[in-house]
Amino acid sequence: MSVAIEGDARQAALAAAAEEQALVRKAQSGDRLAFDELVRRYDRDVLRLALNVVHQADEARDVYQESFLRVYRNLHRFRFECSFYTWLYRIVTNTALDHLRRRTTRREDQAPEFPDADGATHDFFDRQAEDRASASPEKQLLGQELNRHIQDAMKSLSPRERAVFELKHYHGLRLRAIGEMLGTSEETAKNSLFRATKKLRAKLDAIR
Amino acid sequence: MSQNRKFGRHEGEARAACEDWQPLLSLSAAGGELDPAEESRLSAHLAECAECSDDFACEKQTLALLAAQHGEPDAALLAGCRAGLQDALDRDEDRGWISRSLGILLPSSWVSPRPAWSAAILLAIGFCVGMLAPRLLIHQPAAPATAEHHVAPRAVSRPPVLLARNSSSLQETAPNQPSLQGAGNQAVEAASAQAVPLPANSPFASAPASYAPSNPAPGSALAAIDMRQATVAGINLLPSGAGVPPEVRLQLAAPQPFTMQGTIDDGNVRDVLLYVLRHGDLFSPDVRLGAVNALSPRSQDPAVHSALSHALRQDASPAVRVSALQALDSSAPQDLVARMLLDAMSGDQDPGVREQAIDTLRSLADAGQIAPSDHMLSVLKDHMRNDPDQYIRAQSAAVVRELVSQQTGNQ
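We now turn to the structure provided with this report. (Residues numbered from 1 in each chain as written. Chains lettered and ligands numbered in written order. Predicted model: local features only at pLDDT ≥ 70, side-chain atom pairs only at ≥ 80, totals over all residues.)

Another point: the overall build of chain B. A count of helical and extended segments in chain B gives 15 helices and 6 strands. Per-residue burial for chain B yields a buried fraction of 33% across its 411 residues. Counting only contacts in chain B whose residues sit at least 6 apart along the sequence, the fraction spanning at least 24 positions is 59%. (Helix = DSSP H or I, 4+ residues; strand = E, 2+ residues; numbered from the N terminus. Buried ≥ 20, exposed ≤ 12 C-beta atoms within 10 Å, placed from the backbone. Contact = placed C-beta atoms within 7 Å.)

Here we take up the overall build of chain A. Within chain A, the regular secondary structure consists of 9 helices and 2 strands. Counting from the amino terminus, helix and strand elements in chain A follow one another as α-α-α-α-β-β-α-α-α-α-α. Across chain A, the fraction of contacts at a sequence separation of at least 24, relative to all contacts at a separation of at least 6, is 59%.

Below, the discussion takes up the interface of chain B and chain A. Facing 30 residues of chain B, the contacting portion of chain A comprises 35 residues. For the side of chain B that touches chain A, the secondary structure elements donating two or more residues are α2 (11-30), α4 (50-68) and α5 (75-105) of chain B. Counting residues per element, the side of chain B that touches chain A draws most heavily on α5(B), which supplies 10 residues.

Bringing the packing of helix α9 (residues 285-295) of chain B against helix α10 (residues 302-314) of chain B into the picture now. Residue and element names in this part refer to chain B. Taken N-terminus to C-terminus, the directions of α9 and α10 make an angle of 145 degrees; their axes are 11 Å apart at the nearest point. You can see that α9 and α10 cross each other, and the crossing is left-handed. Taken together, the residues of α10 that come into contact with α9 (itself represented by Arg 288, Val 292 and Leu 295) are Val 304, Ala 307, Leu 308 and Ala 311. Here the residues of the contact of α9 with α10 are counted per class, giving 6 nonpolar, no polar and 1 charged. (Axes fitted to C-alpha atoms, helices over the stretch in contact; angles between N-to-C directions. Left-handed = near helix turned anticlockwise from the far one by under 90°. Nonpolar A, V, L, I, M, F, W, Y, C, P; charged D, E, K, R; others polar.)

Looking now at α9(B). Judged by how many residues are buried, α9(B) sits mostly within the fold: 10 of 11 residues are covered. Taken residue by residue, α9(B) has Asp286(B), Val287(B), Arg288(B), Leu289(B), Gly290(B), Ala291(B), Val292(B), Asn293(B), Ala294(B) and Leu295(B) as its buried positions.

For the rest of this paragraph, the subject is the nonpolar core. Counting 59 residues, the largest nonpolar core has Leu273(B), Val292(B) and Leu308(B) as its most contacted members. Considering every element that reaches this core, the biggest residue donor is helix α12 (residues 334-347) of chain B, with 7 residues. With residues up to four places along the chain from it excluded, the contact list for Leu308(B) reads Leu277(B), Val292(B), Leu295(B), Ser299(B), Ala324(B), Ala327(B) and Leu328(B). By size, the runner-up hydrophobic cluster in this structure holds 54 residues, among which are Leu173(A), Leu175(A), Leu204(A) and Cys81(B). (Core = buried A, V, L, I, M, F, W, Y, C linked by C-beta atoms within 7 Å.)

Below, the structure written as structure tokens:
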């Protein structure tokens with residue numbers, strides 16, 4: 001029974017991969033609609049990755065745009081040697097790291113701000129807390145407090161560690177693929193993940 | 001406790017040994033990174049080492065905590081990103097086309113290796129342009145009238161000076177007299193005096209009997225004028241006091257030019273203005289715009305409302321449609337306004353009109369003056385995702401957010 005289910009899942013995965021490959025080929029031939037469809041499939045993840053690496057909404061928006069423009073301009077060079085999303089994430093990660101390298105001040109680690117209706121600004125993490133907390137003010141307060149700690153903890157990571165952590169835990173990529181994306185070895189990606197987890201635990205164990 | 005399970009190891013040695021397990025432990029908690037042999041080795045160690053087992057549990061808890069707090073990107077930010085990307089892609093495509101075209105005309109391999117030739121060619125081109133351009137400009141013939149409108153002599157060449165023909169609303173325009181005396185700077189030029197040739201189906205082209213003013217003023221000479229050759233050449237609005245509709249001056253082009261003046265409550269004036277809007281293709285955009293502006297104070301009048309709605313849907317000029325939209329905004333029931341605004345957003349090709357429509361929708365939504373419906377939300381979401389105009393996409397997203405929050409609040 002479970003073998004049959006696994007077989008079905010495998011078939012579905014193969015079909016999805018073939019469909020995506022066809023879509024990429026259409027986009028390569030200049031079909032803008034096909035490219036737009038690819039954007040829609042991945043852009044939420046791309047933006048989330050950018051936000052969590054650069055930690056600023058404006059800069060994440062730039063990373064998003066720059067990444068997809070790079071993809072658009074270089075799509076004809078994509079040779080299907082890896083999956084499209086691996087190739088895309090490689091571009092996004094490198095673009096985000098380039099942005100971080102270009103930063104000259106230390107303001108980069110401030111969380112992205114979003115103005116709300118009454119003009120007050122809340123950072124990205126506060127906003128997540130608001131969205132997730134129930135109606136209870138106590139829970140909301142706790143959620144905000146927790147997010148502040150997480151934000152502080154994430155600040156302690158280097159951009160590369162942050163990227164590896166993000167790609168591994170929130171995008172479900174294998175470390176081998178992450179290493180390829182970042183132009184490094186699987187072993188280096190493993191070390192980055194290990195260091196990232198260690199730093200986060202050192203900051204967060206106290207509040208659990 | 002751990003010492004008991006370390007079977008006699010010293011504590012320091014045990015800690016050092018446990019640290020060696022940390023990378024494997026971390027990779028196992030991350031999931032999917034260890035091969036089966038490594039997994040089983042780690043499992044065996046965790047079974048005998050309470051410290052590492054606790055550590056493993058802590059690691060998983062930390063990751064679960066981080067995962068639970070990891071949110072999706074803000075929808076408005078995502079919408080903004082998508083809109084910006086579409087614009088950037090459009091620009092990129094345009095630039096690509098231009099550079100390709102220029103590349104054909106001026107391939108770099110053609111020019112750059114031969115700087116002397118390139119300079120000589122540029123000098124020759126400059127010389128030719130410098131010699132020929134002034135001559136061409138001096139001998140340029142006068143621009144012909146456009147085929148579409150056959151623009152009649154402008155008022156400046158035939159200044160319409162008004163001679164009162166009767167006491168109510170009609171004045172005859174005599175040639176060779178100063179124009180619009182008395183109006184001076186107070187006149188609000190709603191239209192240039194540009195005559196449109198009289199079409200055969202104009203009410204003015206038919207016998208006077210076919211033109212029946214709805215409320216002819218006593219002694220009005222309108223019906224007495226030979227209007228078969230008349231058309232509206234210009235509309236001027238003259239400011240009046242607060243709460244009083246402005247005076248409208250209609251310049252009617254005919255073999256004997258004449259002017260009709262009165263407020264929009266004057267039946268003759270009103271009928272002509274309504275006719276202009278209903279047969280907009282017969283008149284120039286300036287005249288139509290003047291008619292909309294003149295009628296807008298009476299937009300609650302059913303006939304005026306109908307004519308303005310017609311202009312909003314049918315007029316070829318974006319400026320006229322925007323003015324009609326503004327005029328209707330203050331008069332119609334809100335659901336009707338919302339429907340017209342949605343129609344304008346969906347059907348109008350001009351981004352200016354669509355922007356005006358979404359601005360009005362947004363102000364209505366912010367003021368809580370429109371009731372959100374499924375259809376409205378569906379149309380707005382479609383614009384939020386697919387409208388080619390970035391501003392409209394962003395504003396649509398804002399309106400959707402507002403309406404959804406109102407819906408949630410009501411529930």
